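Reading the structure
Below are the chains, spelled out letter by letter.
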Amino acid sequence: MKTLRLILGDQLNYQHSWYTQTSPDTLYVLMELRQETDYVVHHVQKVIGFFAAMYNFAAYLQKRGHRVVHLRINDPDNTQHLTKNLDWLIEQNNIECFEYQLPDEYRLDQQLTSYCQQLNIQSKAYDTEHFYTTREEVAQLFSSKKTYLMESFYRTMRKKHKVLMEGSEPAGGRWNFDSNNRKPFKGNPVQIPTHQFSHDYRDILEEIDRAGVRYLGTPLADRFPWPTTRKQSLEVLDFFLAFLFAHFGNYQDAMHTGHWSLFHSKLSFGLNTKMISPAEVVNAAVAYWEKHPERVSIEQCEGFVRQILGWREYMRGIYWAKMPDYQHLNFFGHERPLPDWFWTGETKMNCLKHAIGQSLNYAYAHHIQRLMITGNFALLAGIHPDEIDQWYLGIYIDAIEWVEITNTRGMSQYADGGIVGSKPYVSSANYVDKMSNYCGTCFYDKKAKIGEKACPFNSLYWHFYERNRALLEKNPRIGMIYQLLNKMSNAEKQAILEQAESHLSNLQNL
Ligand SMILES: Cc1cc2nc3c(=O)[nH]c(=O)nc-3n(C[C@H](O)[C@H](O)[C@H](O)COP(=O)(O)OP(=O)(O)OC[C@H]3O[C@@H](n4cnc5c(N)ncnc54)[C@H](O)[C@@H]3O)c2cc1C
Ligand code: SF4
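Everything quoted here is computed from the prediction, not taken from an experiment. (Residues numbered from 1 in each chain as written. Chains lettered and ligands numbered in written order. Predicted model: local features only at pLDDT ≥ 70, side-chain atom pairs only at ≥ 80, totals over all residues. Heavy atoms only, no water.)

1. Regarding the site of ligand 1
The environment of ligand 1 is made up of 30 residues, and the closest members are H264, S265, K266, N272 and Y364. A distance of 2.6 Å separates an oxygen atom of ligand 1 from a polar side-chain atom of S265. At 2.8 Å from an oxygen atom of ligand 1 is found a side-chain nitrogen or oxygen belonging to N272. In isolation ligand 1 has 810 Å² of accessible area, and contact with the protein removes 99% of it. For the shell around ligand 1, the secondary structure elements donating two or more residues are α9 (268-272), α11 (298-322), α13 (367-380) and α15 (401-412). Class assignment for the residues of the shell around ligand 1 results in 15 nonpolar, 10 polar and 5 charged. (Near = heavy atom within 4 Å. Polar contact = N/O pair within 3.5 Å; in protein donor to acceptor, adjacent residues only side chain to side chain. Areas by Shrake-Rupley, 256 points an atom, 1.4 Å probe, with all protein chains shown as cover. Helix = DSSP H or I, 4+ residues; strand = E, 2+ residues; numbered from the N terminus. Nonpolar A, V, L, I, M, F, W, Y, C, P; charged D, E, K, R; others polar.)

2. Let's talk about the sheet that holds strand β5 (residues 97-101)
With respect to topology, 5 strands assemble into an open sheet ordered β4-β2-β1-β5-β6, the strand pairing being parallel. The sheet terminates laterally at β4 (67-71) and β6 (122-126), the two strands that pair on one side only. Adjacent strand axes in the sheet meet at a mean angle of 20 degrees, parallel and antiparallel pairs treated alike. Strand direction decides the pairing type here: strand β1 (residues 3-6) and strand β2 (residues 26-31), joined by 4 bridges, are parallel. Bridge assignment links R5 to a residue of β2, and that residue is Y28. (Pairing = 2+ DSSP bridges. Axes fitted to C-alpha atoms, helices over the stretch in contact; angles between N-to-C directions.)

3. With respect to the pattern of salt bridges
Inspection of every chain in the model, using the stated rule, returns 25 salt bridges. Across the pair K274 and D104 runs a salt bridge whose closest N-O atoms are separated by 2.4 Å. Of this pair, K274 sits in the loop between α9 and α10 (278-291) while D104 sits in the loop between β5 and α4 (106-118), and the two are 170 residues apart along the sequence. Here K274 matches D104 in class, with each residue buried. In this structure, E207 engages R210 in a salt bridge whose closest nitrogen and oxygen atoms are separated by 3.0 Å. Linking E207 with R210, this pair stays in helix α7 (residues 202-211), spanning 3 residues, or about one helical turn. A residue is classified by how much of its surface remains accessible, and R210, at 58% relative accessible area, is exposed. Overlapping salt bridges bring together E151, R155, R158, E302 and R306 as one network. (Salt bridge = Lys/Arg side-chain N within 4 Å of Asp/Glu carboxyl O. Buried < 20%, exposed > 50% of the residue type's maximum accessible area, 1.4 Å probe, protein only.)

4. Comments concerning the site of ligand 2
Surrounding ligand 2, one finds M349, N350, C351, A429, V432, Y438, C439, C442, Y444, K446, C455 and F457. Mapped by element, the contributors of at least two residues to the shell around ligand 2 are α12 (350-362) and α16 (429-435). Broken down by class, the residue content of the shell around ligand 2 amounts to 10 nonpolar, 1 polar and 1 charged.

5. A closer look at the packing of aromatic side chains
Summed over the entire model, instances satisfying the criterion amount to 48 aromatic pairs. Ring geometry for Y461 and W462: centres 5.0 Å apart, planes at 80 degrees, overall edge-to-face. Given a relative accessible area of 12%, Y461 falls into the buried group. On the basis of an interplanar angle of 80 degrees and a centroid distance of 5.3 Å, the ring pair of Y461 and Y465 is categorised as edge-to-face. Pair noted here: Y461 and Y465 are both in helix α17 (residues 456-467), with a separation of 4 residues, about one helical turn. Among the aromatic residues, those joined into a ring-pair cluster are F331, F332, Y414, Y461, W462, F464, Y465 and Y482. Between R5 and the ring centre of Y126, over which it is positioned, the NZ or CZ distance is 5.6 Å. The aromatic ring of F443 is capped on one face by K348, whose charged end is 5.4 Å from the ring centroid. (Phe/Tyr/Trp six-rings, centres within 6.5 Å; stacked < 30°, edge-to-face > 60°. Lys NZ or Arg CZ within 6 Å of the ring centre and 35° of its normal.)

6. Notes on the pairing of β6
Across 5 bridges, β5 lies against β6 in parallel orientation. What sits directly across from Q101, in β6, is Y126. A crossover connection joins β5 to the parallel β6 through α4; in handedness this β-α-β unit is right-handed. (Right-handed = clockwise from strand over helix to strand, strands pointing away.)

7. Focus: the side chain of D109
Residue placement: D109 occurs in helix α4. Assessed through its relative accessible area of 9%, D109 is described here as buried. When sequence neighbours within four positions are dropped, the list of residues in contact with D109 reads L102, P103, R135 and W320. (Contact = heavy atoms within 4.5 Å.)

8. Digging into the nonpolar core
Grouped together as the largest cluster of nonpolar side chains are 152 residues, with contacts concentrated most on F245, L352, F377 and Y465. Sequence-distant contacts of F377, defined by excluding residues within four places in its chain, comprise W341, F342, M349, L352, F457, L460, L507 and L510. (Core = buried A, V, L, I, M, F, W, Y, C linked by side-chain atoms within 4.5 Å.)

9. Comments concerning the side chain of H334
Relative to the helices and strands, H334 is located in the loop between α11 and α12. At 3.4 Å, the side chain of H334 and the side chain of R467 are in polar contact. Contact partners of H334, with chain neighbours within four places excluded, come to L379, G382, I383, H384, P385, F464, R467 and N468.

None of this, on its own, says anything about what the molecule does.
Structure representation (structure tokens):
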């Protein structure tokens, strides 16, 4: 039977069972689409990265004897619309059966489901064979519970997949080594090895420009730094294990002006495009730890495994359990627009200048920069979650809605009212100063709450809690903060709140 098999840009799974056999009757289709480049303004490295990875994947399939159509962005036949392209490809090739892999994005899932409903040929959906879990697994696990606890989910995953287990007990005697893993980075080791690719993708950038795609950020097209094949993604993994893994947990929350990724793996693009799988990353990490216990401690290994086997799978489960309503949640009713400097990095706040600046340069910031610098500020300043989602979804190389929105609207903005996190992640300058060297050279004074040079985080922090008292005061994890707020003299509180109001009316110029 003549079959068309659709491969979406984030479905570049080299090991999928689809490709174990070749058939002249099976046509594989990949498409570069304005539908995808334009649903948000993306970082240009993200567009280049996806196009290059798709190109390399199409070439790989062709080399293995598969029939492939790869519609490029400026191809005259390309309607720029997924289902319109499918219509003419099906007709032109006398296709009798349409097959696709389950999309990870809700909007694409909807689009393909309704497309299949009106097709007058057979259709079939396959699993992507990438994740540990099915779409529904997290929801099923918590079906009888009021809340979704990541820690319970993670332990279930560890047991189910026998990862870091010694019989029925967790390796090292504990499930969680987070408390050992919160060190600031003070410059030791002095040299942090870096590994980046240096692909020349100026031709792809020219095509993107010719098509008139709007984008943000620095292209680095002549020395493109991200992996765009499975082999290169495995290289990133090997490099991480050999040179960075030993310090991963220790410094996973640290931030430093001299290093934009410190000991983080930079595996998210390879993982989210499915060029490599979470199981092979986790298994490789555990095997490395077992082989080199003198180099990599259990703290580092567990810290890393938790991110992939725990957080990544959990976020996906939350996404499928809570969409489409999740995308509209705004627990605090925040309404402010994002200040313009989020798109340029031009602010006097050193922490934000660095976190945004490196995001524009590399389409990357590590977790704590996303959570405790940009996310923290946006939450304290009461920015509308829609604006924040658009920014995160656009700027990061790894941003795909299922993992972006749950992290942004959920973990970072608490706009879901506590589905993902048990309390909002906010802090004053104190935390930023403890975990980074940003404050030392900042225009603002990290200690001051009031005055022209007072760090804006310091008054906005108290303003956030005061204005959301009715929503947060009963949260047992926040009780201490309200006790402190209640102990403040009226005069002091008033002065801090007035200072915060002044910052809020002047966000553009901070
Ligand atoms: C506001 C905000 C937005 C985010 N948006 C995205 C996004 O669009 N895409 C994305 O992949 N991650 C996102 N994250 C999670 C995390 O920040 C990135 O996965 C990580 O920074 C990627 O860099 P890395 O590969 O060097 O990760 P490492 O720190 O080396 O971690 C290893 C891997 O663990 C996984 N991981 C770690 N933390 C998380 C998490 N919270 N949720 C899911 N997976 C996790 C990633 O696959 C990552 O590659 C976001 C976090 C926040 C706070
Ligand atoms: S003083 Fe405030 S604004 Fe400046 S770097 Fe520190 S936290 Fe950021």
